[in-house]
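Breakdown of the fold
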Amino acid sequence: FDIDWANITTASVEVYFPSSNDYSGALTKNVIIGLADFSATQQWFTDQQEYHDFADHPEDEWVTFTFNLNTPSFVANPDNGATPYDRNDYDMMYIQLGSGNHVDPGTFFVRNLVFE
C-alpha cells in the first residue's frame, strides 16, 4: 500500500554509534532515512527522496535525528515531486547507517523510528 502523507510532517529515529566500531576507514556515522516507490520498479533508487545527517556524532550514547519532510536532503528525480507531499506512490522507507560501503563491518542500534 502507498503511504498517505496527509498528517505526517516529520520523521525521527534514535541511533546508537558504538565506540567499538572502527570509524577510521570508510565506515561513517551517517544517518539516512529514505522514501521510495518499490512497487513501480525494482530500480527504486533512481527516484527516491532522502533525509540525511552526515555530521560526526558522539559515540556510546543515543542520538535523536529529526527530519522535516518538507525539506529532503536529496531528491533523485525532482520532476516527480520535490517532497513526499507531491507524490502518492511511495510504499517503501529505509534507514541507512554507516555509509554505502558494504565492506567495512559495523554495528549500530536503532530505536523509536517515528513518523508523525
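How each quantity is defined
Residues numbered from 1 in each chain as written. Predicted model: local features only at pLDDT ≥ 70, side-chain atom pairs only at ≥ 80, totals over all residues. Heavy atoms only, no water. Helix = DSSP H or I, 4+ residues; strand = E, 2+ residues; numbered from the N terminus. Polar contact = N/O pair within 3.5 Å; in protein donor to acceptor, adjacent residues only side chain to side chain. Contact = heavy atoms within 4.5 Å. Pairing = 2+ DSSP bridges. Axes fitted to C-alpha atoms, helices over the stretch in contact; angles between N-to-C directions. Phe/Tyr/Trp six-rings, centres within 6.5 Å; stacked < 30°, edge-to-face > 60°. Buried < 20%, exposed > 50% of the residue type's maximum accessible area, 1.4 Å probe, protein only.

**Considerations on unusual backbone geometry**
The phi angle at D60 is positive, at roughly 60°, despite the residue not being glycine. Here D60 is to be found in the loop between β3 (49-53) and β4 (62-68). At N112, a position not held by glycine, the phi torsion is positive, near 55°. Structurally, N112 is set in strand β7 (residues 109-115).

**What about the side chain of N21?**
By the element assignment, N21 lies in the loop between β1 (10-16) and β2 (31-36). Reaching out from N21, the side chain makes a polar contact with the side chain of Y23 at a distance of 3.0 Å. Not counting chain neighbours up to four residues away, the residues in contact with N21 comprise L27, G106, T107 and F108.

**Considering the sheet that holds β7**
To summarise the sheet geometry, strands pair through backbone hydrogen bonds and adopt either a parallel or an antiparallel arrangement. In spatial order, the strands read β4-β1-β7; together these three strands make up an open sheet with antiparallel pairing. Bordering the open sheet on either side are β4 and β7, each of which pairs with just one other strand. Neighbour-to-neighbour, the strand axes of this sheet turn through a mean angle of 15°, independent of strand direction. Relative to β4, β1 runs antiparallel, the two sharing seven bridges.

**Examining the packing of aromatic side chains**
One pass over the full model with this rule turns up eight aromatic pairs. Measuring from centroid to centroid gives 5.9 Å for F17 and F108, while their planes differ by 85°, and the two rings are edge-to-face. One end of the pair, F17, is in the loop between β1 and β2; the other, F108, is in the loop between β6 (92-97) and β7, and 91 residues separate them in sequence. Of the two residues, F17 and F108, neither departs from the other in class, the shared state being buried. Residues W44 and Y94 carry aromatic rings whose centres are separated by 5.2 Å and whose planes lie at 55° to one another, so their mutual orientation is tilted. Taken together, the residues span a long stretch of sequence, with W44 in the loop between β2 and β3 and Y94 in strand β6 at a distance of 50 residues. By relative accessible area, Y94 is classed as buried at 14%.

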